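# Close look at the chain arrangement
Given next are the chains, with one letter for each unit.
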Amino acid sequence: MNKIKRNYHPWIYSTEISRIDGEFEEGQLVDVFLQDGKFFGRGYINTRSKITVRLLTTQPKTDRQIVEERIEQAIKRREQILNSEHACRLIYSESDWLAGLIVDKYDSYLVIQINTLGMEKLKDMVVGVLLKKFDVAGIYEKSDSPVRSKEGLNEVCQWLYGTGPEVIFYRSEDLTLAADLKGQKTGAFLDQRFNARAILPYAKDKVCVDVFAYTGNFALHLLKYGAKHVKLIDYSERSLQIAEQLLKMNGFGGRYELINENAFDWLRRESSQEKYDLVVLDPPSFAKSASSKISAQRGHKEINLRAMKSLKKPGILVSSCCTQVLSEQDFEAVLQDSADDCKVQVCILYRGSQPADHPVLLDIPETRYLKFHIMQIWRRG
Ligand SMILES: C[S@@+](CC[C@H](N)C(=O)[O-])C[C@H]1O[C@@H](n2cnc3c(N)ncnc32)[C@H](O)[C@@H]1O
């Protein structure tokens, strides 16, 4: 490959490679050299992907050394969270220099997700190391991401070690939450758990809506912090059923309504009246690549504008954006655009992001994705 400034980013694109020498199997570990013959790093190869090599190390280590050391480093990085939380993201792909691997811990269960062929080949080693480090009741593989098909991998969802329930209940401060092994991601959205705690000062006696609720993380926090009533909107019936189970388990009966509907339709209808004190928006990512940035901006504007219209003035808007290709600046421009259309003033009360177990590496801008704002919305003039 051509000589480049060393930047400690693990991706080597096909366009950066001038020559591939020797026989290899897709997914195997390979060495990358600069044109002057200097060793650049070791990672796994997949010529079917635009990212031909994903580096796992910049030193000539064995596969076992790499896996053991990277897992060790990831655990060390999270020592504090592991000591205080029942649930934690243990390994987050490139953020821990283990591209293609996600491991979440829910109490005594681990849920792993493999997204690349190279990591698939290291799976047994990864599971072996995890078992040495954690005394768990079960390890479940929930490899159902659509990106697997691009790597030539089928969906795999099964217990790899021990066994456990389809819905894992775990404690988060003094709430019971759930990871649904038939649900999204590894079962829960651990990236929002500290942001959900940040709404504490704004919940008391409020009439609220949790739009894109999944299993009710934000709704449960709002009710715990004293909200009068919360509506939960999601198009997944199964997620709302689990949310209802959690709402009852946590003692919030009679203070919620479940609405199984497309959030865009619901918001459009509700935006004709200023009814709510607080609205939470936590949509899925609206763009998988930079080419869809404009349509993602449009999607975020639509929901934020509708939510602003549905709020009493002043009201509280809690708005998230996990669309990686939109920066915080882009997100705030969308919020400003929505505010202009709605003729309101937006005052940012709190800015959140990813928790420490979803690390952002400055060398790898793609590891930064979550934007989270709590805002007061009031009429201009
Ligand atoms: C990012 S998750 C929400 C996570 C949740 N707030 C939490 O903290 O656990 C997005 C949710 O939006 C739901 N969803 C996606 N598109 C939707 C739509 N158009 N209408 C309703 N729900 C939608 C998904 O089913 C998923 O539960």
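Quick notes on the rules
- Residues numbered from 1 in each chain as written.
- Predicted model: local features only at pLDDT ≥ 70, side-chain atom pairs only at ≥ 80, totals over all residues.
- Heavy atoms only, no water.
- Helix = DSSP H or I, 4+ residues; strand = E, 2+ residues; numbered from the N terminus.
- Rg over C-alpha atoms; globule rule 2.2 N^0.38 Å.
- Buried < 20%, exposed > 50% of the residue type's maximum accessible area, 1.4 Å probe, protein only.
- Contact = heavy atoms within 4.5 Å.
- Areas by Shrake-Rupley, 256 points an atom, 1.4 Å probe, with all protein chains shown as cover.
- Lys, Arg positive; Asp, Glu negative; His and termini not counted.
- Charge placed at Lys NZ, Arg CZ, Asp CG, Glu CD.
- Near = heavy atom within 4 Å.
- Polar contact = N/O pair within 3.5 Å; in protein donor to acceptor, adjacent residues only side chain to side chain.
- Nonpolar A, V, L, I, M, F, W, Y, C, P; charged D, E, K, R; others polar.
- Axes fitted to C-alpha atoms, helices over the stretch in contact; angles between N-to-C directions.
- Left-handed = near helix turned anticlockwise from the far one by under 90°.
- Pairing = 2+ DSSP bridges.
- Phe/Tyr/Trp six-rings, centres within 6.5 Å; stacked < 30°, edge-to-face > 60°.
- Lys NZ or Arg CZ within 6 Å of the ring centre and 35° of its normal.
- Parallel < 35°, antiparallel > 145°, perpendicular 65-115°, else oblique.

This part is about the overall build of the chain. Per the secondary structure count, the chain includes 12 helices and 18 strands. For 381 residues, the compact-globule estimate of 2.2 N^0.38 gives 21 Å, and the C-alpha radius of gyration of the chain, at 22 Å, lies within 12% of that figure. With respect to the principal axes defined by its C-alpha atoms, the chain has extents near 65 × 45 × 35 Å. Looking at the chain as a whole, 55% of its 381 residues are labelled buried. Long-range contacts, defined here as pairs at least 24 residues apart, represent 63% of the contacts in the chain between residues at least 6 apart. Entry remark: accessible area of the chain is about 17200 Å², with carbon and sulfur atoms responsible for 48%. The averaged location of the 51 negative side-chain charges in the chain is 4 Å from the averaged location of its 54 positive side-chain charges.

Bringing the site of the ligand into the picture now. In the vicinity of the ligand there are 18 residues, among which Gln-184, Asn-217, Asp-234, Ala-263 and Asp-282 approach most closely. In the model, an oxygen atom of the ligand is placed 3.0 Å from a nitrogen or oxygen of the Gln-184 side chain. Take Phe-212: an N or O atom from its main chain is 3.4 Å from a nitrogen atom of the ligand. Contributing elements (two or more residues each) for the shell around the ligand: helix 8 (217-224) and helix 10 (263-270). Classifying every residue of the shell around the ligand by side-chain character gives 10 nonpolar, five polar and three charged.

Tracing the chain through its elements places Lys-371 in strand 18 (residues 371-379). Since its relative accessible area comes to 5%, Lys-371 is described here as buried. Placed 365 residues apart in sequence, Lys-371 and Arg-6 show a C-alpha to C-alpha distance of 29 Å. The residues touching Lys-371, leaving out its near neighbours within four places in the chain, are Ser-319, Ser-320, Cys-321, Thr-323, Gln-324, Leu-326, Ser-327, Glu-328, Phe-331 and Gly-352. From its side chain, Lys-371 meets the backbone oxygen of Leu-326 in a polar contact 2.5 Å long.

Below, the discussion takes up the packing of helix 10 against helix 11 (residues 293-310). Across the interface, helix 10 lies against helix 11 with an axial gap of 8 Å and an inter-helix angle of 35 degrees. At the point where helix 10 passes helix 11, the crossing takes the left-handed sense. Two secondary-structure elements touch here, helix 10 through Phe-264, Leu-267, Arg-268 and Glu-270 and helix 11 through Gly-299, Glu-302, Ile-303, Arg-306, Ala-307 and Ser-310. Looking at the contact of helix 10 with helix 11 residue by residue, the classes come out as four nonpolar, two polar and four charged.

Taken across its seven residues, strand 4 (residues 51-57) has seven buried, putting it largely inside the fold. Where strand 3 (residues 39-45) and strand 4 come together, four bridges link them in antiparallel fashion. What sits directly across from Ile-45, in strand 4, is Val-53. Connecting the antiparallel pair strand 3 and strand 4 is a turn made up of five residues.

Turning to the packing of aromatic side chains, a few remarks are in order. What characterises a pair of aromatic rings is the spacing of the ring centres plus the angle enclosed by the ring planes. For the structure on display, the rule yields 12 aromatic pairs. Between Phe-218 and Phe-372 the ring centres are 6.0 Å apart and the planes differ by 15 degrees, which places this aromatic pair in the stacked class. Of this pair, Phe-218 sits in helix 8 while Phe-372 sits in strand 18; the two residues are 154 residues apart in sequence, bridging distant segments of the chain. A relative accessible area of 0% places Phe-372 in the buried class. One aromatic cluster in this structure is built from Tyr-109, Tyr-140 and Trp-159. If you follow Arg-6 out to its NZ or CZ, it ends over the ring of Tyr-8, 4.6 Å from the centre.

A pair of packed helices can be characterised by two numbers: the angle between their axes and the separation between those axes. For the pair helix 11 and helix 12 (residues 328-342), the least separation of the axes is 9 Å and the interaxial angle reads 45 degrees. What the angle tells us is that helix 11 and helix 12 run oblique. The interaxial crossing formed by helix 11 with helix 12 has right-handed handedness. Contact residues: helix 11 offers Lys-293, Gln-297, His-300, Lys-301, Asn-304, Leu-305, Met-308 and Lys-309, while helix 12 offers Asp-330, Phe-331, Val-334, Leu-335, Asp-337, Ser-338, Ala-339, Asp-341 and Cys-342. Taken together, the residues of the contact of helix 11 with helix 12 break down into seven nonpolar, four polar and six charged.

This paragraph deals with the sheet that holds strand 2 (residues 29-33). The strands that make up a sheet are held in pairs by hydrogen bonds between backbone atoms, and each pair lies either parallel or antiparallel. With antiparallel pairing, four strands are arranged side by side in an open sheet as 1-4-3-2. Sheet topology places strand 1 (11-13) and strand 2 at the edges, where each strand pairs with a single neighbour. The average undirected angle you get between the axes of adjacent strands in this sheet is 40 degrees. Sheet analysis places strand 2 next to strand 3, joined by five bridges and oriented antiparallel.

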